[in-house]
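Single-letter residue listing:
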Amino acid sequence: MSTHTITMNQKEIQALKTKLKSAKVCKTPPYALFQVKTEDCTITAYASGKVVFQGEGADFYAGATQVKSKSNITYPECGSDEVGTGDYFGPVVVCAACVESKHLPLLKELKIQDSKQIQDEQIQQIAPLLMEQLTYSLLVLENAKYNEVHLHNNMNAIKAKLHNQAFLHLKNKLDFVCDHIIIDQFTPEKTYYRYLKEEADIVQSIHFETKAENKYLSVACASIIARYHFLEAIEQLSTQYDFPFPKGAGAHVDEAGVDFVNQYSFDTLSKVCKFHFKNTDKIKALLEMA
Ligand code: MN
């Protein structure tokens, strides 16, 4: 049982009320504007602007509704994140997902707000449930294509174009307009749009924030779905080449790279890795030493 008190302005309280419209309405206590009850949380908004969350679900509901850097969090909320940009082997995967208020109970049950702490095994259980319920769009940039594109684009330019594409696809899939769009920030806003200046269609009015996967459910969900597909891609590559590709970009990856080249060839390496990573030079050096 826990209690959270958050101060909100009138507009935010109204937005909260709308968001909680499926909750049971209680008799309004003295000095309160309204009180509603979900299965595990009682939420009371006072005329003073104080909003009290009480019960098992208080952490979740306060977290999900809390006013963060973005002053008006409302659902539906669209968010995007990418996976694989720090991994030598395997593709870059970008996902954009939309969370609607009807999804909040499921996301609470799945404890989605702690996305950083979710282990790979849990990702494999949770992601399919999210993919079943949420509208999302996914882009997988395979290594061969990535290496080709990287000749003319840096990593952040590639990311910007993928995020933009993912949001365009997501917008097409939704049958409503969602104007709360959040990116887990990887580059300054101005630079992001500069990377997109040649694109035919550009999604505007995006909110940029770092560590957004811990603050916004849509970004957390996008991150989980992207991670799921990255893990699948690594597994598929491992089956295809009968070779256990490690994640990350550390020394263990260099060693695996050497083993891989010995088993296949240096040319084949560019089909399974991000060739411009420093690992490639280290692998070359290790091969020459041998
Ligand atoms: Mn990210």
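Everything here concerns the structure above.
Residues numbered from 1 in each chain as written. Predicted model: local features only at pLDDT ≥ 70, side-chain atom pairs only at ≥ 80, totals over all residues. Heavy atoms only, no water.

A.B. asks: With reference to specific residues and values, describe unusual backbone geometry.
C.D. replies: The residue after Y75, namely P76, is reached through a cis peptide bond having omega 5°. One can find P76 in the loop between α2 (58-65) and β6 (77-83). The residue D242 is not glycine, and still its phi comes out positive at about 50°. Of note, D242 is situated in the loop between α8 (217-241) and α9 (251-263). (Helix = DSSP H or I, 4+ residues; strand = E, 2+ residues; numbered from the N terminus.)

A.B. asks: Before we move on, could you go through α9 and cite the residues and values that matter?
C.D. replies: Relative to the 18 Å expected for 13 residues at 1.5 Å per residue, α9 spans 19 Å between its end C-alpha atoms, a close match to the ideal helical length. Along α9, the positions that sit buried rather than exposed are V253, D254, A256, G257, V258, F260 and V261. For α9, the elements touching its buried residues are α8, α10 (266-269) and α11 (278-289). (Expected span 1.5 Å × (residues − 1). Buried < 20%, exposed > 50% of the residue type's maximum accessible area, 1.4 Å probe, protein only. Contact = heavy atoms within 4.5 Å.)

A.B. asks: How would you explain the packing of α9 against α11 if you had to name every residue and give the values?
C.D. replies: In the contact formed by α9 and α11, the axes pass within 9 Å of each other and the chain directions differ by 60°. As judged from the angle between their axes, α9 and α11 are oblique. Handedness of the α9/α11 crossing: right-handed. Note on element contacts: α11 touches α9 through N279, K282, I283, L286 and L287, opposite V253, D254, G257, V258, V261 and N262. Residues that form the contact of α9 with α11 fall into these classes: 6 nonpolar, 3 polar and 2 charged. (Axes fitted to C-alpha atoms, helices over the stretch in contact; angles between N-to-C directions. Parallel < 35°, antiparallel > 145°, perpendicular 65-115°, else oblique. Left-handed = near helix turned anticlockwise from the far one by under 90°. Nonpolar A, V, L, I, M, F, W, Y, C, P; charged D, E, K, R; others polar.)

A.B. asks: Account for the pairing of strand β7 (residues 92-99), naming residues and giving values.
C.D. replies: For β7, the buried fraction is high: 8 of the 8 residues fall into the buried class. Of the two faces of β7, the one carrying V92, V94, A96 and C98 and the one carrying V93, C95, A97 and V99 are both buried. Bridging between β6 and β7 involves 7 bridges; their strand directions are antiparallel. What sits directly across from E77, in β7, is V99. Here β7 runs beside strand β8 (residues 135-141); their pairing, made up of 7 bridges, is antiparallel. Its bridge partner lying in β8, V92 is registered against L141. (Pairing = 2+ DSSP bridges.)

A.B. asks: Account for the side chain of N143, with residues named and values stated.
C.D. replies: Here N143 shows up in helix α5 (residues 143-150). Those residues in contact with N143 that sit more than four places away from it in its chain are Y88, G90, P91, L237, S270, K271, V272, C273 and K274.

A.B. asks: Describe the coordination of the manganese ion, and please don't skip the residues or the numbers.
C.D. replies: Geometrically, a metal with four donors at the corners of a regular tetrahedron has ideal angles of 109.5 degrees, and one with six donors at the corners of a regular octahedron has ideal angles of 90 or 180 degrees. Donor atoms from the polypeptide that coordinate the manganese ion comprise D81 (OD) and D184 (OD), at 2.1 to 2.2 Å from the metal. Of this pair, D81 sits in strand β6 while D184 sits in strand β9 (residues 181-184); the two residues are 103 residues apart in sequence, bridging distant segments of the chain. By the burial criterion, D81 is buried, and D184 matches it. (Donors = N, O, S within 2.8 Å, 3.2 Å for Na, K, Ca; no water.)

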